[in-house]
Amino acid sequence: MKKFIFLPFCLLLSNKVFCQPAANTLVTDVAGLVTEINLEKSTYVFFDTLRSATALSILQQHFIPLQNFFYKDYIPDRLVTYPIYLSFNLKNSSENTVSFEFYPGQLFDKKTLYVIGYGNQLEKLIIKNENSGYLFLSMAPGEQKNYLLQLRFTKTSGNSVEANIIHPDYLNSFSTETNPWLIQKGIAGFILSGVLLMMILFTLVNYFFNGKVEFLFNCIYSLCMFLLIMLTHYYTRKPGSFRAFFISYFDLLLLVAGTICYLIFTRKFLETQRYHPRLNKFLNVEAWILAILMVAYTIINFGTNLYMLQVKLENVMKIIMLVAGIVYIFLAFVEKNRLMTYLAIGSSIQLIFSIVSFVLILIHADSTHLLRSPLFYFEIGVIFSVVFFILGLTYKNRLELIEKIQEQSSLKLEAEKQSFATQLAIIKAQQEERNRISADMHDDLGAGMTSIRLYSELAKTKIGNQTIPEIEKISNSAGELIDKMNAIIWSMSSQNDTLGNMVAYIRSYVMDYFEDTDVTAKIVLPERIPELQVPGTIRRNVFLVVKEAMHNVVKHAEATHVYITLHKHPDSFSLTIQDNGKGIDINNMREFSNGLKNMKQRMQDVEIDFKIENNNGTLITLYRKTR
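Residues numbered from 1 in each chain as written. Predicted model: local features only at pLDDT ≥ 70, side-chain atom pairs only at ≥ 80, totals over all residues. Heavy atoms only, no water.

Student: Explain the sheet that holds strand 9 (residues 135–139) to me, please; I cannot follow it from the model alone.
Tutor: Strand pairing in a sheet relies on backbone hydrogen bonds, with the paired strands running either antiparallel or parallel. Spatially, the four strands line up as an open sheet ordered 2-11-6-9, and their pairing is antiparallel. If you trace the sheet from one side to the other, it starts and ends with strand 2 (36–38) and strand 9, each paired once. Taken over all neighbouring pairs, the strand axes of this sheet differ in orientation by 25° on average, direction set aside. In this sheet, strand 11 (residues 164–166) lies alongside strand 6 (residues 98–103) in antiparallel orientation, the contact comprising three bridges. Residue pairing across strands places Tyr103 opposite Asn164, the latter belonging to strand 11. (Pairing = 2+ DSSP bridges. Helix = DSSP H or I, 4+ residues; strand = E, 2+ residues; numbered from the N terminus. Axes fitted to C-alpha atoms, helices over the stretch in contact; angles between N-to-C directions.)

This is the structure we're talking about:
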């Protein structure tokens with residue numbers, strides 16, 4: 001009730017001074033200091049809202065007791081830039097010098113300490129360790145001093161005024177014992193900072209190994225969030241110049257810089273310029289707006305005293321980040337892209353917790369419990385965004401691995417196709433050359449050999465009954481050469497590269513070969529001969545083996561019948577040559593050694609199994625798998 005009655009009175013005086021006549025007659029004895037002493041009842045405060053007080057006039061102003069100062073726990077933003085004065089009276093009744101630290105509260109940018117001497121003269125004191133946030137004081141035995149402290153607040157929200165003297169040995173325990181909730185917040189903050197530190201190392205390693213710039217920007221984002229969280233917790237209740245700088249400017253710089261890096265990371269990670277041009281433009285514009293506003297904020301913070309404009313600019317940036325987050329999430333779900341959805345879910349959770357954090361800041365709810373801390377909810381949101389980024393990265397890596405495998409398979413297939421095309425071109429060129437040679441042989445050599453044979457036969461006719469062996473040899477040699485040349489031409493022509501053609505050619509040769517002999521030849525074929533390709537090299541070698549076998553039948557076997565059979569098996573073919581002669585002497589192969597050696601070598605060259613054995617005559621088997 002007291003605060004509600006005092007509030008209208010303070011508002012009426014907001015454009016003048018906060019004052020209430022009061023004499024600073026209360027004196028605090030520091031002789032009994034063991035841990036700390038609260039001086040709020042004996043400390044008086046003057047808020048110079050007119051900026052009119054000077055060193056000569058300050059003691060004529062009206063001070064009020066600090067315990068009655070309505071804004072001591074939370075200085076409104078509109079009063080942050082005004083100077084404030086504290087007056088307190090101390091004595092040392094002991095026989096020993098007493099040293100102690102005076103703590104005026106947190107978030108002060110500048111402190112000036114005076115001792116009020118005889119005739120209200122002000123003597124400025126040198127403050128030791130001013131950057132620590134505490135004022136080190138020392139009083140001799142029996143000494144009494146009246147101090148005047150001028151303070152200037154840091155340009156930030158959350159300023160407060162206190163008055164405590166603390167024993168130097170108790171200084172380290174001062175924060176934790178008076179604020180046990182800081183331990184909970186500190187533990188939570190350092191745990192979350194550890195998670196972010198692991199994220200920094202993870203993205204940095206990925207950047208060095210993969211060279212992808214999006215990992216560098218995510219690393220910078222994680223670094224900014226890590227510094228923001230860690231420094232906030234480390235400097236909580238640790239007054240000093242750096243904390244003032246951090247709270248008033250550097251924390252917002254980390255937040256904005258981290259957000260800009262995250263926007264760039266999102267564009268690179270999702271390849272928005274290529275796949276999502278609308279989203280790419282939106283993220284790019286947002287990053288530039290935040291960068292420009294941050295530059296303006298920096299100029300206002302360091303170059304002007306327009307703190308209220310600075311506060312509004314800070315809120316505008318935070319609102320832009322929140323609204324931009326909502327727009328990004330909407331666009332992400334509209335696109336229905338799974339990779340984008342991972343980041344959108346993380347951003348959604350971070351957005352919800354950021355809104356909670358922002359609301360708690362607006363209502364000044366950062367008090368004595370972890371669950372009412374704005375920073376705690378902000379930290380939770382950041383961690384969720386990191387978790388879903390890792391999920392998205394895992395998904396993207398899987399996609400890239402699949403694409404890489406497909407690309408490698410495509411390249412391999414293309415290489416195989418090119419190799420096949422090259423081989424096909426070579427084979428085609430070879431075949432064309434074979435056809436040309438066979439045509440030339442047929443047209444030129446064939447005609448010449450036929451002429452030689454014809455002339456030899458005419459010569460034999462003219463000489464009558466007279467026998468000239470040389471002419472007979474010429475005629476026979478010409479005939480043999482014609483047969484051999486025809487076989488070569490047949491093997492070289494690609495038109496004959498079929499199993500049926502090879503069988504027909506062998507059949508024709510065998511029938512002609514045994515026509516003027518006492519040997520009866522029989523050829524047994526399957527009902528249907530498959531359309532299999534048989535290259536000229538195989539046809540020629542098989543024919544020569546059959547030819548050699550027919551020669552052996554006539555010359556050595558003393559046979560009357562010979563059977564040539566083509567067998568078709570599920571996955572192979574075999575050709576057998578069986579005669580009813582005396583058979584081959586396996587133990588004495590001398591007379592057949594050259595012929596058999598040539599037959600085996602020819603079949604070996606074309607990867608056909610060759611076998612010769614005695615089986616009621618001589619049995620030769622040629623065997624080859626089709627697959």
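So, next bit.
Student: How should I be thinking about the environment of Leu125 in this particular structure?
Tutor: Relative to the assigned elements, Leu125 resides in strand 8 (residues 122–125). Using a relative accessible area of 23% as the deciding quantity, one classes Leu125 as partly exposed. Dropping the residues within four chain positions of it, Leu125 is found in contact with Leu113, Val115 and Tyr147. (Buried < 20%, exposed > 50% of the residue type's maximum accessible area, 1.4 Å probe, protein only. Contact = heavy atoms within 4.5 Å.)

Student: What should I look at first to understand the pattern of salt bridges in this one?
Tutor: Opposite charge on two side chains permits pairing when their charged atoms draw close. Scanning all chains against the criterion turns up five salt bridges. In this structure, Arg274 and Glu271 form a salt bridge, with 3.8 Å as the shortest nitrogen-oxygen distance. Taking relative accessible area as the criterion, Arg274 reaches 63% and is therefore assigned exposed. Residue Lys318 is joined to Glu314 by a salt bridge in which the shortest nitrogen-to-oxygen separation is 3.0 Å. Of the two residues, Lys318 and Glu314 are both situated in helix 8 (residues 307–335); the distance of four residues between them amounts to about one turn of the helix. What makes Lys318 buried here is its relative accessible area of 15%. On the accessibility criterion, Glu314 (21% relative accessible area) is partly exposed. (Salt bridge = Lys/Arg side-chain N within 4 Å of Asp/Glu carboxyl O.)

Student: Even after reading the chapter, I still don't get a nonpolar patch on the surface, so can you show me in this structure?
Tutor: Nonpolar side chains collect at one region of the surface, where Leu204, Val205, Phe208 and Phe209 lie side by side and expose about 460 Å² of accessible area between them. Its location among the elements puts Phe209 in helix 3 (residues 181–210). (Patch = residues over 30% accessible without salt bridge, like charges linked within 9 Å, V, L, I, M, F, W, Y side chains within 5 Å. Areas by Shrake-Rupley, 256 points an atom, 1.4 Å probe, with all protein chains shown as cover.)

Student: Looking at this structure, I do not really get the confidence of the model for the protein chain. What am I missing?
Tutor: Parts of the prediction with low pLDDT should not have their coordinates interpreted in detail. The pLDDT averaged across the protein chain works out to 80; a share of 80% of its residues lies at or above 70. Looking over the protein chain, one finds the lowest element-wise mean pLDDT in helix 1 (residues 2–12), namely 37, and the highest in strand 5 (residues 84–91), namely 93. Counting interchain partners and residues more than four positions distant, the pLDDT-below-50 stretch residues 1–23 has 40 contacts. (pLDDT = per-residue confidence, 0-100.)

Student: I'm lost on the environment of Leu393 in this one. Help?
Tutor: Relative to the elements of secondary structure, Leu393 occurs in helix 10 (residues 374–462). Its relative accessible area of 2% is what places Leu393 among the buried residues. Spatially, the C-alpha atom of Leu393 lies 8.2 Å from that of Leu339, the residues being 54 residues apart in sequence.

Student: It is not clear to me how the packing of aromatic side chains should be interpreted in this structure. Could you clarify?
Tutor: The way to describe two aromatic rings as a pair is by their centre distance and the angle between their planes. Taken as a whole, this structure holds 25 aromatic pairs when the rule is applied. Aromatic side chains Phe70 and Tyr71 sit 5.1 Å apart centroid to centroid with 80° between the ring planes, which places their arrangement in the edge-to-face category. By relative accessible area, Phe70 is classed as partly exposed at 25%. Residue Tyr71 is classed as buried on the basis of its relative accessible area, which comes to 8%. Through a chain of ring-to-ring contacts, three or more aromatic side chains come together here, namely Phe242, Phe245, Phe246, Tyr249, Phe250, Tyr297 and Phe302. (Phe/Tyr/Trp six-rings, centres within 6.5 Å; stacked < 30°, edge-to-face > 60°.)

Student: Can you walk me through helix 8 in this structure?
Tutor: It helps to recall that an α-helix has 3.6 residues per turn; residues three or four apart then point in one direction. Along its 29 residues, helix 8 runs 42 Å from first to last C-alpha, staying within 8% of the 42 Å computed at 1.5 Å per residue. One or two steps after helix 8, the chain reaches Lys336, where phi turns positive at roughly 55°. (Expected span 1.5 Å × (residues − 1).)

Student: I tried to follow the pairing of strand 14 (residues 572–579) on my own but got confused; where do I start?
Tutor: The side chains of a regular strand alternate between both faces of the sheet. Within strand 14, eight of the eight residues are buried, which leaves the element mostly enclosed by the surrounding structure. As paired elements, strand 13 (residues 561–568) and strand 14 share seven bridges and run antiparallel to each other. Bridge pairing in strand 14 places Lys568 opposite Phe573. Between strand 13 and the antiparallel strand that follows it, strand 14, lie three residues.

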